[in-house]
Amino acid sequence: MLLNYRQNMVCAILPCLMLFCFINQLQAQNKENTAFTMWDNKPAKQWMTEAYPIGNGRIGGMIFGGVDQEHIQFNDNTLWTGDENDRGTYQAFGDLFIEFNNIDKQFTNYSRKLDMTKAVHTVNYTQNGTQFKREYFCSFPDKVMVLRFTANQKKAYSAVIGLKDAHDGKITDSGNTIQLTGKLPNGMTYQANAIVKVENGKLESVKEGNSGKLKITNADAITLIFTAATNYSNKRAQNWKGEEPAPKIERILNAVKTKSYEQLLKTHVQDYSHLYNRLAINLGTSNAETQNLPTYQRLINYKNLADPALEALIFQYGRYLLISSSRPGGLPANLQGLWNESNTPPWGSDYHSNINIQMNYWLAEPTNLSECQIPYLDYINSMREVSTIATRKQYPNTRGWTVKTENNIFGGMSFLWNTPGSAWYAQALWEHYAFTKDKNYLKNFAYPIIKEIAEFWDDHLKRRPDGTLVSPMGWSPEHGPTEDGVTHDQQIVYDLFTNYIEAAEVLGIDADYKKHIADLKAHLLKPKIGKWGQLQEWETDRDDPTDQHRHISHLFGLHPGREINTIKTPELAKAARVTLIARGDESTGWSMAWKMNFWARLQDGNHAYKILQNFITPVGGSGTDYNKGGGIYTNLFCAHPPFQIDGNFGYTAGVSEMLLQSQAGELQLLPALPDQWAKGSIQGLRARGNFEISDLQWKDGKVVKLSIKSLSGEDCIVRSPNALKKIKGIAEEKSGNDFKYSFKTQVGKVYNFEG
């Protein structure tokens with residue numbers, strides 16, 4: 001498992017369209033830095049559109065923030081039905097309810113906020129003269145969710161706390177603990193425990209039906225420590241089963257039960273901030289009045305009122321969600337990250353291999369969250385054996401393996417075979433090396449997997465009499481005929497072979513096979529330009545210029561691939577532009593996120609920004625109708641619709657592509673900067689070659705300050721839209737409208753430039 005290998009290295013339309021009275025909230029907000037805080041002035045009513053998420057990579061919760069009743073719906077991302085032969089479905093786990101004994105139902109000064117800089121959720125309100133405050137967070141190092149309830153008066157809290165299981169499991173209480181246990185039909189066992197600590201109040205057991213609950217009377221404060229677990233293991237040799245949840249939970253709770261709330265909070269913030277604080281962004285200033293509005297109101301106002309701070313907030317929200325749903329040692333983020341309230345969620349909340357899981361991780365390396373990519377890489381590794389067996393049955397006489405479109409955590413698959421799916425997975429394996437330059441990782445972990453996927457395509461490609469190689473019977477997701485030579489497949493295989501060849505060269509191994517793969521790559525059917533100037537989706541020139549399907553799969557070579565770019569293949573880039581214009585700008589949420597990345601790679605910042613603006617469109621309701629336009633809900637979840645997290649991640653990746661690109665072997669600064677971001681800065685972006693952009697500041701489309709830290713001592717090429725002050729030993733050359741700087745670097749050294 002990659003974690004073990006690297007652990008020494010990497011320790012109804014909107015519910016309301018009217019403003020409520022929130023003058024008091026605004027006054028309070030003005031006293032704090034709210035740039036990366038999302039907030040609302042009312043409790044949440046809907047899970048998907050209004051509740052706020054917290055998570056530690058394995059367990060997560062959606063917080064409603066009710067005054068009479070607090071409701072936290074929770075998940076553990078290993079809770080799945082199915083097995084190796086049945087894809088099954090990602091499951092809801094349960095709910096935590098806290099029923100407050102409030103005689104006075106009226107309240108004022110309400111706010112619920114999610115501070116992304118600390119990953120802490122707070123609820124504040126005043127009731128009957130008492131000021132109440134709640135704080136919630138989900139700790140990765142301590143493996144618990146923590147809730148803290150305080151007030152400015154004594155004996156303020158009387159409540160009943162209970163758990164609800166999504167599968168009718170057993171709920172008991174003992175002392176100050178509530179426990180939920182159960183077992184799924186596939187043999188997976190699960191458990192959740194909540195320890196309740198009260199200060200200067202009475203705690204007693206009460207029964208409701210067959211369930212045990214805890215009753216609190218006249219407490220000054222309450223601290224609740226929660227965790228959950230299953231017996232899942234990502235090792236097939238163990239039949240996907242590991243340690244039972246009971247000893248896991250006992251060990252976790254024994255380690256934290258003597259820690260103070262302040263200790264738990266400090267540990268959590270330090271851990272989270274270590275990742276989040278690596279990158280800072282400023283896309284421009286929004287006026288104070290706008291920034292202090294509730295987030296839902298900013299969304300409503302956005303089309304008519306410039307709000308670059310909101311654009312930056314949504315960028316950082318993507319990073320927040322990835323940190324919260326994908327941490328080393330766990331599973332990768334699925335279609336909904338790890339947040340799921342249903343036992344029959346859309347598409348099973350699975351791992352879709354035809355773009356969705358891949359898009360989830362486009363942001364990881366560029367936005368300095370390399371560790372958060374490890375669960376995805378471990379997942380790919382864990383599926384190999386099951387996928388190989390299934391592939392041999394479907395495609396006899398082939399080495400290696402591939403996958404179907406829908407996948408679970410046991411290697412089980414469903415729907416159509418997606419033959420280029422594993423080759424797309426291989427891109428992530430290579431990209432982790434390209435960004436980190438970790439040769440040990442490449443040799444011992446990534447290379448063997450990339451090679452066996454290359455072997456599958458070596459055996460699976462169809463050889464034509466003229467020597468051309470085509471992918472047999474492919475499909476351009478998710479429309480069109482099934483036939484040979486589909487552009488989507490050809491481009492992904494091209495990418496796979498390119499990555500394999502470079503990996504073999506870096507390691508200096510398999511020279512003969514590297515030469516063989518290079519020959520195959522040279523004979524692949526190439527992208528073609530059609531009769532109306534478009535990049536053809538199929539080998540036959542049949543593209544319909546009125547087709548506005550959300551999948552634009554045949555532009556893989558533009559993004560996330562590197563076969564097409566404006567410098568080396570300008571005619572193909574021009575054809576890709578024609579295709580994008582025909583497909584239109586509006587689409588579902590994740591599709592708009594991909595289009596942002598396409599337009600960024602075409603170096604058209606204003607068009608990328610137009611798509612960005614379309615993405616920031618408030619969507620109401622909670623239904624499933626992805627034939628209507630997408631956008632985002634008031635909790636900033638991406639609306640496919642319904643909720644799919646890949647759009648959030650794709651948006652963040654798109655913004656990073658607008659500011660820095662490195663897929664062509666050079667660090668291209670501000671390649672797709674829109675006019676609207678006239679002045680800004682970003683610190684902490686990462687580039688291939690293991691370079692960190694310690695500082696990038698710009699004004700009026702020009703770089704004014706640049707600091708590059710070389711983390712591996714690689715040779716560096718920088719492409720800038722304007723001339724930079726020359727530094728001794730660094731060569732400058734004019735390249736079109738740009739300026740290029742080439743220089744050798746030393747490990748750990750920072751190279752500073754000024755415009």
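Above this text you will find the structure in question.
## A few points about the overall build of the protein chain
Stage number 1. From N to C terminus, the protein chain includes 18 helices and 36 strands.
Stage number 2. Computed over C-alpha atoms, the radius of gyration of the protein chain comes to 26 Å, within 12% of the 27 Å expected from 2.2 N^0.38 for 755 residues, which places it in the range of a compact globule.
Stage number 3. Across the 755 residues of the protein chain, 63% fall into the buried class.

## Here we look at the packing of helix 16 (residues 589-601) against helix 18 (residues 646-659)
Between two packed helices, the angle of one axis relative to the other and the distance separating the axes together describe the packing.
Stage number 1. Packing of helix 16 against helix 18 leaves a shortest axis separation of 8 Å and a crossing angle of 15 degrees. Between helix 16 and helix 18, the angle falls in the class roughly parallel. Judged by the sense of rotation from one axis to the other, the crossing of helix 16 with helix 18 is left-handed. In contact with Gly 589, Trp 590, Ala 593, Met 596, Asn 597, Ala 600 and Arg 601 of helix 16, helix 18 contributes Asp 646, Gly 647, Gly 650, Tyr 651, Ala 653, Gly 654, Val 655, Glu 657 and Met 658.
Stage number 2. Tallied by class, residues from the contact of helix 16 with helix 18 come to 8 nonpolar, 5 polar and 3 charged.

## Considering the packing of helix 12 (residues 439-460) against helix 13 (residues 487-507)
Stage number 1. Viewed as axis vectors pointing N to C, helix 12 and helix 13 meet at an angle of 140 degrees, and their least axial separation amounts to 9 Å. What the angle tells us is that helix 12 and helix 13 run oblique. Between helix 12 and helix 13 lies a crossing of left-handed hand. When helix 12 is examined against helix 13, the residues Lys 439, Leu 442, Lys 443, Tyr 447, Ile 450, Lys 451, Ile 453, Ala 454 and Trp 457 are found in contact with a partner set consisting of Val 493, Leu 496, Phe 497, Tyr 500, Ala 503, Ala 504, Val 506 and Leu 507.

## Here we look at the nonpolar core
Stage number 1. By size, the foremost hydrophobic cluster in this structure holds 203 residues, and its most contacted members are Ile 281, Phe 497, Ile 616, Leu 659, Trp 677 and Leu 706.
Stage number 2. For this core, the element with the highest residue contribution is helix 12, accounting for 11 residues.
Stage number 3. Residue contacts for Leu 706: discarding those within four places in its chain leaves Leu 669, Ile 693, Asp 695, Leu 696, Val 718, Leu 724, Tyr 751, Asn 752 and Phe 753.
Stage number 4. Listed in part, the 14 residues of the second largest apolar core include Val 120, Ile 249, Ile 252 and Val 269.

## Overview of the sheet that holds strand 18 (residues 351-352)
Stage number 1. Strand order in the open sheet formed by 3 strands is 18-19-20, and the pairing between neighbours is antiparallel. In this open sheet, the two edge strands, each paired with only one partner strand, are strand 18 and strand 20 (413-418).
Stage number 2. The pairing of strand 19 (residues 403-407) with strand 20 spans 4 bridges and is classified as antiparallel. In the sheet register, Glu 406 faces strand 20, and the bridge partner there is Ser 414.

## Side note on the sheet that holds strand 16 (residues 221-230)
Stage number 1. The 9 strands lie next to each other as 1-6-7-8-9-16-13-12-11, forming an open sheet whose pairing is antiparallel. Of all strands in the sheet, those bounded by a partner on one side alone are strand 1 (37-40) and strand 11 (170-174). Pairs of neighbouring strands in the sheet enclose a mean axial angle of 15 degrees, with direction left out of account.
Stage number 2. Two elements, strand 13 (residues 189-199) and strand 16, share 10 bridges in a ladder whose sense is antiparallel. Bridge assignment links Glu 199 to a residue of strand 16, and that residue is Ala 221.
Stage number 3. Contacts from helix 3 (residues 245-256) reach strand 9 (144-151), strand 13 and strand 16 within the one sheet, and its direction differs from that of strand 16 by about 150 degrees.

Quick notes on the rules
- Residues numbered from 1 in each chain as written.
- Predicted model: local features only at pLDDT ≥ 70, side-chain atom pairs only at ≥ 80, totals over all residues.
- Heavy atoms only, no water.
- Helix = DSSP H or I, 4+ residues; strand = E, 2+ residues; numbered from the N terminus.
- Rg over C-alpha atoms; globule rule 2.2 N^0.38 Å.
- Buried < 20%, exposed > 50% of the residue type's maximum accessible area, 1.4 Å probe, protein only.
- Axes fitted to C-alpha atoms, helices over the stretch in contact; angles between N-to-C directions.
- Parallel < 35°, antiparallel > 145°, perpendicular 65-115°, else oblique.
- Left-handed = near helix turned anticlockwise from the far one by under 90°.
- Contact = heavy atoms within 4.5 Å.
- Nonpolar A, V, L, I, M, F, W, Y, C, P; charged D, E, K, R; others polar.
- Core = buried A, V, L, I, M, F, W, Y, C linked by side-chain atoms within 4.5 Å.
- Pairing = 2+ DSSP bridges.

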